[in-house]
Amino acid sequence: MRSSLIAGNWKMNGSLQSVIDLVEGIKAGDPGNAELAVCPPAVFLMKVGGMLAETGISLGAQNVCDREAGAFTGEISAAMLKECGCSYAIVGHSERRALYLESDQLVAARFSMALSAGIIPILCVGETLDEREQGVTETVVTRQIDAVLDLCGIEGIARAVIAYEPVWAIGTGKVATPGQAQAVHAFIRAKLEQLDSGVAQQVQILYGGSMNPSNAAELLSQPDIDGGLIGGAALKADDFLAIAQSA
Ligand code: 13P
């Protein structure tokens, strides 16, 4: 039985004070049985990590460098994230792929670095609206996962979380129907099943894309949806906790 993970991707939002308020709000609430993780902007990781000590809420980064150390201005290494207390790092978010031109291979290298520092990568995959309309959703998701399999193998996926985030549903208020999301989640699990059925059954596959307190319960009740990667709704403690309670 897979446990539920509800992770908040705060993206580039907030201020030191609003981040403190948000963490206090989340700590004061009841998440039910779901595991919680929050991924604040990198400059707030140390602060949030300190506030989360002994709460059971995990800390995650929004990205991680594909190199170990050195002249990589603006990047943050997996070892540094580990020192800040990160258990998770998002890799391959569609905003990174689209706006900062991160390739499948670069995402795989970032994934690999997270693993080698003992950080659980949250690998984001998903198709654009154009790709969905062309009927190539499965091809796109396969290509994105294969890049990671090529570099890290199924053993790598065994130590990771996958997040299916259809690009057309991110920040748009347009949510995938539970059926649409479940179909892609089941496809991903079946693909992993061909390599290792134990891993396929154990790996958590989260849904991301306009998940909110009113649509979460139905999405999270699908057999292959094991949690959520939440953007906008994770910026309000009450909404984030309400989503967790429906898991
Ligand atoms: P929204 O929940 O704002 O659509 O964002 C989803 C997302 O991108 C999480 O990584």
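Everything below is about the structure shown above.
These lines cover the structure that appears in this document, whether it is placed above or below. Everything numeric in this text was worked out from a predicted model, so none of it was measured.

Overview of the nonpolar core
Alright, step 1. Counting residues in each nonpolar core, the largest one holds 68 residues, and the members touching the most others are I26, I145, I157 and I188.
Alright, step 2. Counting residues per element, this core draws most heavily on helix α7 (residues 137-158), which supplies eight residues.
Alright, step 3. Beyond its immediate chain neighbours, meaning those up to four positions away, I26 contacts W10, L36, V38, I57, A237, F240 and L241.
Alright, step 4. Listed in part, the twelve residues of the second largest apolar core include L5, Y88, I90 and L229.

Observations concerning the packing of helix α1 (residues 16-28) against helix α2 (residues 45-52)
The geometry of a pair of packed helices is captured by two quantities: the angle between their axes and the separation between those axes.
Alright, step 1. With their axes 11 Å apart at the nearest point, α1 and α2 run at an angle of 25 degrees to one another. Here α1 is positioned roughly parallel relative to α2, judged by the angle of their axes. The two elements α1 and α2 cross, and the hand of that crossing is right-handed. Counted together, L16, V19, I20, V23, E24 and K27 of α1 and K47, V48, M51 and L52 of α2 form the full contact between these two elements.
Alright, step 2. Across the contact of α1 with α2, the residue classes break down as seven nonpolar, no polar and three charged.

With respect to the packing of helix α5 (residues 104-116) against α7
Alright, step 1. Where α5 meets α7, the closest approach of the two axes is 8 Å, and the angle between their N-to-C directions is 20 degrees. Considered as vectors, α5 and α7 are oriented roughly parallel to each other. In this structure, α5 crosses over α7, and the sense of that crossing is right-handed. Residue-level inspection shows D104, Q105, A108, A109, F111, S112 and L115 of α5 in contact with α7, the latter providing R143, Q144, A147, V148, L151, C152, G156 and I157.

Regarding the side chain of R2
Alright, step 1. Looking at the secondary structure, you find R2 in the segment before β1 (5-9).
Alright, step 2. Using a relative accessible area of 19% as the deciding quantity, one classes R2 as buried.
Alright, step 3. Within polar-contact distance, the side chain of R2 engages the backbone oxygen of Q201 at 2.7 Å.
Alright, step 4. A polar atom in the side chain of R2 sits 3.1 Å from the backbone oxygen of P223.
Alright, step 5. Sequence-distant contacts of R2, that is, excluding residues within four places in its chain, are made with R189, A200, Q201, Q202, V203, P223, D224 and D226.

The rules we used
Starting afresh in each chain, residues are numbered from 1 along the sequence in its written order. In keeping with the model being predicted, local features are shown solely for residues with a pLDDT of at least 70 and side-chain atom pairs are shown and tallied solely at 80 or more, while totals for entire chains, interfaces and linings include all residues. To get the side-chain values, take all heavy atoms of the structure and skip hydrogens and water. We call a set of buried residues a nonpolar core when its members are Ala, Val, Leu, Ile, Met, Phe, Trp, Tyr or Cys and they connect through side-chain atoms within 4.5 Å of each other. Exposure categories follow from relative accessible area, calculated using a 1.4 Å probe and restricted to protein chains: below 20% of the type maximum is buried, above 50% is exposed, and the middle band is partly exposed. Where helices and strands are cited, they refer to DSSP runs of H or I of at least four residues and of E of at least two residues respectively, numbered from the N terminus. Two residues form a contact once any of their heavy atoms are found within 4.5 Å. Lines fitted to the C-alpha atoms define the axes, with helices restricted to the stretch that makes contact. Angles between their N-to-C directions range from 0 to 180 degrees. Note on angle classes: values under 35 degrees are labelled roughly parallel, values over 145 roughly antiparallel, values of 65 to 115 roughly perpendicular, and the remainder oblique. Handedness of a helix crossing follows the sense of rotation of the near helix relative to the far helix, less than a right angle counterclockwise being left-handed and clockwise being right-handed. Residues are sorted three ways: Asp, Glu, Lys and Arg are charged, Ala, Val, Leu, Ile, Met, Phe, Trp, Tyr, Cys and Pro are nonpolar, and all the rest, Gly among them, are polar. Polar contact is defined as a pair of N or O atoms within 3.5 Å, subject to the rule that within protein one atom must be able to donate a hydrogen and the other to accept it, and that residues adjacent in sequence are counted only when both atoms are side-chain atoms.

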